[in-house]
Amino acid sequence: MIVGLLWLLGCQLAGTVIVELTGIPLPGPVVGMLLLFIVLVLRRRDGEDDPIIQVGDYFLSHLQLFFIPAGVGVIAYLAIIRDAAAPIVVALLGSWLLGLATVGWVLTLFLRRVPPTVGTDGAPGEEIE
Amino acid sequence: MSVILWLFVTVAAYELGRWLRARTRSPLAQPVAVAIVIVGALLAVSGTSYDDYADATTLISFLLGPATVALAIPLYHQVSRLKGMVVPVLVALTAGAVVSMVSGILLVRWLGGSDVLERTMASKAVTTPVTIELTARLGGYPELSAAFAIVIGIVAAMVAPRVLTLLGIRDPRARGVAVGAVSHGIGTARMLEESCIEGAFSGLAMGLTAVVTCLLLPLVAYLLL
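Position numbers for residues count from 1 along each chain, tracking the sequence in the order it is written. The naming scheme follows written order: chains are lettered A onward, ligands numbered 1 onward. Confidence filtering applies because this is a predicted model: local features only for residues at pLDDT of at least 70, side-chain atom pairs given and counted only at 80 or more, and all residues used for totals across whole chains, interfaces and linings.

**Some thoughts on the overall build of chain A**
What counts, and what does not: The helix and strand labels rest on DSSP assignments: H or I over at least four residues marks a helix, E over at least two residues marks a strand, and numbering proceeds from the N terminus. Here exposure depends only on C-beta density: within 10 Å of a residue's C-beta, 20 or more other C-beta atoms make it buried, 12 or fewer make it exposed, and intermediate numbers make it partly exposed, the C-beta atoms being placed from the backbone. Throughout, a residue-residue contact means that the two C-beta atoms, derived from backbone geometry, are no farther apart than 7 Å.
If you tally the helices and strands in chain A, you get six helices and zero strands. In sequence order, chain A lays out its α and β elements as α-α-α-α-α-α. Out of the 129 residues belonging to chain A, those deemed buried represent 39%. Across chain A, every contact between residues at least 6 apart in sequence was considered, and the portion connecting residues at least 24 apart equals 50%.

Written out as structure tokens, the structure is:
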């Protein structure tokens, strides 16, 4: 458990240091995610009992929990949102839908030439608890 | 006292949301949304300010960092599927980021929203820390843009899989990338429940979209704002 947590925190720390030193406009954890990906690829060990994977999968199964404090902040802006409800709601939903469709359709066009490759694990509907 | 009180309330509200989700089996009952409503109501009833609540729950918001790092794990499981995907994903994400930013700005403008609101809407598709940073640089309301990002993430968690099917997007890789591109971590949390492939590609798209948006936003702002 602790070893896995150390790896996650270590990658976040390294990512944050890199952001501080280089000034790239990305959050430290996102850079840390790329670093952990590199670590996992170089290590080539993926047993179910691996501490990084155990701890990481547990964190991911409760990802929504960690957004709650920031999400409650929405209520602090209800007045502004109410005053400009029409442009906010339409622009929010409209640009989301257009972006979603653009990415999905463009990628679908490309992927006709890249087969979905081997393996059946991760078929739709598989639950992570 | 208030630290442990609000930590308990937040985790309990989340658990209630999970129970509701399991009970109703409805994608509309997203635990994060249920918890925000419950906590928001309790803050209003008890007369607690949001700043006090945010201070009390820094332990929970801090864990978002290691959880974001952990998104490398589903991506690693899909590493064999990444071959030949890099260029298509980057092209799709670039197109999506431009469409999302430009349509967000123009829709606010056409519906009579203010200039500050246009600047706040521009980068709301990316993960909240990046939205805050980019919106501050652009001259919008940083915290409001974070609120937009969270609301759109929750909407995506509720409806994205169904909308993708209606749009005829069935390849799990394309579904994952599309959600991660416009709905960051909260959308990714839902896609992780859908399947390993969709979750992994959603996490990947979330990270890359942040990079692409950082690079493109100055150009979009120069042309439109």
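Back to the text.
**Quick word on the overall build of chain B**
Convention followed: The globule rule used here is 2.2 Å times the number of residues to the 0.38 power, and the radius of gyration it is set against is calculated over C-alpha atoms.
What chain B contains, in helices and strands, is twelve helices and zero strands. Along chain B, helices (α) and strands (β) appear in the sequence α-α-α-α-α-α-α-α-α-α-α-α when read from the amino end. Scaling as 2.2 N^0.38, a compact globule of 225 residues should have a C-alpha radius of gyration of about 17 Å, and chain B matches this with 18 Å. Taking the principal axes of the C-alpha coordinates as reference, chain B spans close to 50 × 40 × 30 Å. By the burial criterion, 60% of the 225 residues in chain B qualify as buried. Residue pairs at least 24 apart in sequence account for 61% of intrachain contacts in chain B once pairs closer than 6 positions are excluded.

**Things to note about the interface of chain A and chain B**
Think of interface size as the accessible area that goes away when the parts come together; that is how it is often given. Using the following cut-off: Residues are sorted three ways: Asp, Glu, Lys and Arg are charged, Ala, Val, Leu, Ile, Met, Phe, Trp, Tyr, Cys and Pro are nonpolar, and all the rest, Gly among them, are polar.
In this assembly, 71 residues from chain A lie in contact with 91 residues from chain B. For the side of chain A that touches chain B, the elements supplying multiple residues, two or more each, are helix 1 (2-22), helix 2 (28-43), helix 3 (51-61), helix 4 (68-72) and helix 6 (85-111) of chain A. Of all the elements, helix 6 of chain A adds the most residues to the side of chain A that touches chain B, at 21 residues. Taken together, the residues of the side of chain A that touches chain B sort by class into 52 nonpolar, 15 polar and four charged.

**Points about the nonpolar core**
What counts, and what does not: Core membership is restricted to buried Ala, Val, Leu, Ile, Met, Phe, Trp, Tyr and Cys residues, and these are joined into a nonpolar core through C-beta atoms within 7 Å.
Core analysis: the largest hydrophobic core is formed by 110 residues, its most contacted members being Ala72, Ile150 and Val177 of chain B. The leading source of residues in this core is helix 10 (residues 142-166) of chain B, at 14 residues. Once residues lying within four places of it in the same chain are set aside, the contact partners of Ala72 of chain B are Met33, Leu36, Phe37 and Leu40 of chain A.

**Things to note about the confidence of the model for chain A**
Where the model shows low pLDDT, its predicted coordinates should not be examined in detail. Applicable threshold: Each residue carries a pLDDT score, the predictor's own confidence in it, on a scale running from 0 to 100.
A residue-level look at chain A finds 87% of positions with pLDDT of 70 or above and a mean pLDDT of 86. Contacts of residues 118-129 of chain A to residues separated by more than four positions or lying in other chains number 17 contacts, the stretch itself having pLDDT below 50.

**A closer look at the packing of helix 7 (residues 86-110) of chain B against helix 12 (residues 196-224) of chain B**
All names here are of chain B. We apply this condition: Fitting a line to C-alpha atoms yields each axis, with helices limited to the stretch in contact; the angle taken between N-to-C directions then spans 0 to 180 degrees. Angle categories are assigned with fixed cut-offs, so that under 35 degrees is roughly parallel, over 145 is roughly antiparallel, 65 to 115 is roughly perpendicular, and the rest are oblique. Whether a crossing is left-handed or right-handed is set by the direction in which the near helix is turned from the far one by less than a right angle, anticlockwise for left-handed and clockwise for right-handed.
Running from amino to carboxyl end, helix 7 crosses helix 12 at an angle of 45°, the nearest separation of the two axes being 9 Å. It follows that helix 7 is oblique to helix 12 by the angle criterion. Helix 7 and helix 12 meet at a crossing whose hand is right-handed. Across the interface between the two elements, Val89, Leu90, Leu93, Thr94, Ala97, Val98, Met101, Val102 and Ile105 of helix 7 pack against Ala205, Leu208, Thr209, Val212, Thr213, Leu216, Leu217, Val220 and Leu224 of helix 12. Here the residues of the contact of helix 7 with helix 12 are counted per class, giving 15 nonpolar, three polar and no charged.

**What to know about the packing of helix 9 (residues 128-138) of chain B against helix 10 of chain B**
Residues and elements named next belong to chain B. At a minimum axis distance of 8 Å, the contact between helix 9 and helix 10 shows a crossing angle of 145°. Two packed elements cross with a definite hand, and for helix 9 against helix 10 that hand is right-handed. Contact with helix 9, carried on its side by Thr128, Thr131, Ile132, Thr135 and Ala136, involves Pro142, Ser145, Ala146, Ala149 and Ile150 of helix 10 and no other residues of that element.

**Quick look at the confidence of the model for chain B**
For chain B, the average pLDDT comes to 93, and 100% of its residues sit at 70 or higher. Quick note on the complex model: pTM equals 0.88, ipTM equals 0.93.

**Topic: the environment of Leu42 of chain B**
Residue and element names in this part refer to chain B. Examined against the element boundaries, Leu42 turns out to sit in helix 2 (residues 31-46). Residue class for Leu42 comes out partly exposed when judged on the 17 C-beta atoms lying within 10 Å of it. C-alpha separation for the pair Leu42 and Leu5, spaced 37 residues apart in sequence, amounts to 11 Å.

**Brief notes about the environment of Tyr53 of chain B**
Its place among the elements puts Tyr53 of chain B in helix 3 (residues 50-56). Sequence separation of Tyr53 of chain B and Leu20 of chain B is 33 residues, and the distance between their C-alpha atoms is 24 Å. Apart from residues lying up to four places away in sequence, Tyr53 of chain B is in contact with Val72 of chain A together with Trp6, Leu43 and Thr48 of chain B.

**Remarks on unusual backbone geometry**
Residue and element names in this part refer to chain B. The backbone phi angle of Arg25 is positive, close to 55°, even though this residue is not glycine. Along the chain, Arg25 turns up in the loop between helix 1 (2-24) and helix 2. The exposure class assigned to Arg25 is exposed, which follows from the 8 C-beta atoms found within 10 Å. Despite not being glycine, His184 shows a phi value in the positive range, around 40°. Positionally, His184 belongs in helix 11 (residues 172-194).

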